[in-house]
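# Fold and geometry: a report
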Amino acid sequence: HLALGTSKTSEGYLLYDVNPPEGFNLRRDVYIRIASLLKTLLKSENWVLVLPPWGRLYHWQSPDIPQVRIPWSEFFDLPSLNRNIPVIEYEQFLAESGGPFIEQIYVLQGYAEGWKEGTWEEKIDERPCIDQLMYSKDKHEYYRGWFWGYEETRGLNVSCLSVQGSASVVAPVLLKNTSAQSVMLDRAENLLHDHYGGKDYWNTRRSMVFAKHLRVVGDKFRNKYLQSTDEADRTHYKEDWTQMKVKMGTALGGPYLGVHLRRKDFIWGHREDVPSLQGAVKKIRSLLEMHKLEKVFVATDAVEEGLETPKGGVSPPGLIPGLHLPPEIELLKKLLPEMVRFEPSWEELELYKDGGLAVIDQWICAHARYFIGTSVSTFSFRIHEEREILGFDPKTTYNRFCGEREKNCEQPTHWKIVY
């Protein structure tokens, strides 16, 4: 039964964190990578994954709402996650493990020397830290750091691991090289997928069921404003994801077009493959006509009221500090009067938070008759997967807006769900 080392006397706790600038939807992808590492560990020893609390993400810019130390249950269904791998919230780890201490922190990094062309190999080594550590020692020789906003948390040991390869490359280190009961992998986005798009990938992705309270809000909105119900749309949903196996093309979707229109940092970060608002509206109009639809649901981070770019600090490239960004939502409403958006009241915003609103937007887009997203956006990718799980025809899912000057407008790669 034991492939490596000696089994832990009790449960090992695996924790992880991600580079602070990374957004909600990339973090969901990192969870899938870490889940496959946990599955590898479980073949030899008892481990449980401690879910890193959410907070202080770049896109969560709603003022006056404290958005730190948010448990996963605010956005995802914990029993569903647990049908795939054993997980607990951070608060439960604190209660179980006897205090706010993490015994071993490994900061994951690349290799200082890079890798030689044509000699890719999976490897992992304890190495000196390349970047300055985001941890500092206090007077008791404990390490202090961000720790998801839990200021009382301390690290006992910190070292750096140079890593090149998929998530499970870390397994031997955790099984053989450390006796620590709680181990945290920082900068976990440096690990690659073990089997991207395979059965293991899809099991973990399918287990990431949105929290029921957010799905209910999305369903009520679909019903009220978009004449969309699971019955009519043929998007039958089972609460237990392990029981849900649909045939591709069986879902019809609601009588509306679903659109994800990424603006803000994408306007200057991906200039070539992001259309102007007028260009996007033109495409939306032609799709409404083609699919004989009258309503369009738009998920967007476009600016509500005119936004000042910061006068101090760093402005996004190509923007002059203090520059006024036009209120694009107003313009969009003028150009596209049939547009429907989920516009929360302040109470709803406080209740669901920015992450919850993103989930509601994705859920509504996932149920549309036809979906079009934004190039290389992880927000759009997650909608592709959600539609795959619901059983939509790929032709109605893997579509994106093209930049006006784009010569070759390649559409997103089709991924087929594997059960």
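Residues numbered from 1 in each chain as written. Predicted model: local features only at pLDDT ≥ 70, side-chain atom pairs only at ≥ 80, totals over all residues. Heavy atoms only, no water.

## Looking at the pattern of salt bridges
- The final tally for this structure, using the stated rule, is 25 salt bridges.
- The shortest N-O distance in the salt bridge between R83 and D240 comes to 3.7 Å. One end of the pair, R83, is in the loop between α2 (78-82) and β3 (87-89); the other, D240, is in the loop between α7 (230-233) and β10 (254-261), with 157 residues separating them in the sequence.
- Sharing partners across several salt bridges, the network here consists of D29, R33, R205, R382, E385 and E386. (Salt bridge = Lys/Arg side-chain N within 4 Å of Asp/Glu carboxyl O. Helix = DSSP H or I, 4+ residues; strand = E, 2+ residues; numbered from the N terminus.)

## A word on the sheet that holds strand β11 (residues 296-300)
- In spatial order, the strands read β14-β11-β10-β15; together these four strands make up an open sheet with parallel pairing. Unpaired on one side and paired on the other, β14 (339-340) and β15 (368-372) mark the two borders of the sheet.
- Looking at chain direction, β10 and β11 are connected through five bridges and run parallel. Across the sheet, the residue bridging to V259 is V298, located in β11.
- Each of β10, β11 and β15 touches helix α11 (residues 346-366); the most contacted strand, β11, lies at about 145 degrees to it. (Pairing = 2+ DSSP bridges. Contact = heavy atoms within 4.5 Å. Axes fitted to C-alpha atoms, helices over the stretch in contact; angles between N-to-C directions.)

## Points about the nonpolar core
- Ranked by internal contacts, the top residues of the largest apolar core, which has 78 residues, are L14, Y16, Y31, L49, W72, L185 and F297.
- In contact with L185, not counting residues within four places along its chain, are L14, L15, Y16, D17, I34, L37, Y106, L108, V170 and L191.
- V107, Y135, F147 and V158 belong to the second largest nonpolar core, which has 19 residues in total. (Core = buried A, V, L, I, M, F, W, Y, C linked by side-chain atoms within 4.5 Å. Buried < 20%, exposed > 50% of the residue type's maximum accessible area, 1.4 Å probe, protein only.)

## Here's the deal with the pairing of strand β4 (residues 101-109)
- Where burial is concerned, most of β4 is hidden: seven out of the nine residues are buried.
- Sheet analysis places β4 next to strand β8 (residues 154-164), joined by eight bridges and oriented parallel. In the sheet register, I105 faces β8, and the bridge partner there is V158.
- For β4 and strand β9 (residues 182-186), the ladder comprises four bridges, and the chain directions are parallel. Looking at β9, one finds that Y106 is bridged to L185.

## What to know about unusual backbone geometry
- Although it is not a glycine, K292 adopts a positive phi angle of roughly 50 degrees.
- Secondary-structure assignment places K292 in the loop between α9 (277-290) and β11.
- Positioned with a positive phi, K353 is a non-glycine residue whose angle comes to about 65 degrees.
- Locating K353 in the fold gives a position in helix α11.
- Exposure remark for K353: the relative accessible area of 13% places this residue in the buried category.

## What about the state of the cysteines?
- Taken as a whole, this structure holds two disulfides when the rule is applied.
- Between C129 and C160 runs a disulfide, and the two sulfur atoms are separated by 2.0 Å. Taking the sign of the S-S torsion, 100 degrees for the link of C129 and C160, the bridge is right-handed. Here C129 is found in the loop between β5 (123-127) and β6 (136-137), whereas its partner C160 is found in strand β8, with 31 residues between them in sequence.
- On the basis of relative accessibility, which here comes to 34%, the residue C129 falls in the partly exposed class.
- Exposure remark for C160: the relative accessible area of 2% places this residue in the buried category.
- Here C402 engages in a disulfide with C409; their sulfurs sit 1.8 Å apart. The chirality of the disulfide connecting C402 with C409 is left-handed, given an S-S dihedral of about -75 degrees.
- Looking at C409, the relative accessible area reads 24%, which means it is partly exposed.
- What connects to what in the protein chain, once the bonded cysteines are numbered by sequence position, is 1-2, 3-4. (Disulfide = S-S within 2.5 Å.)

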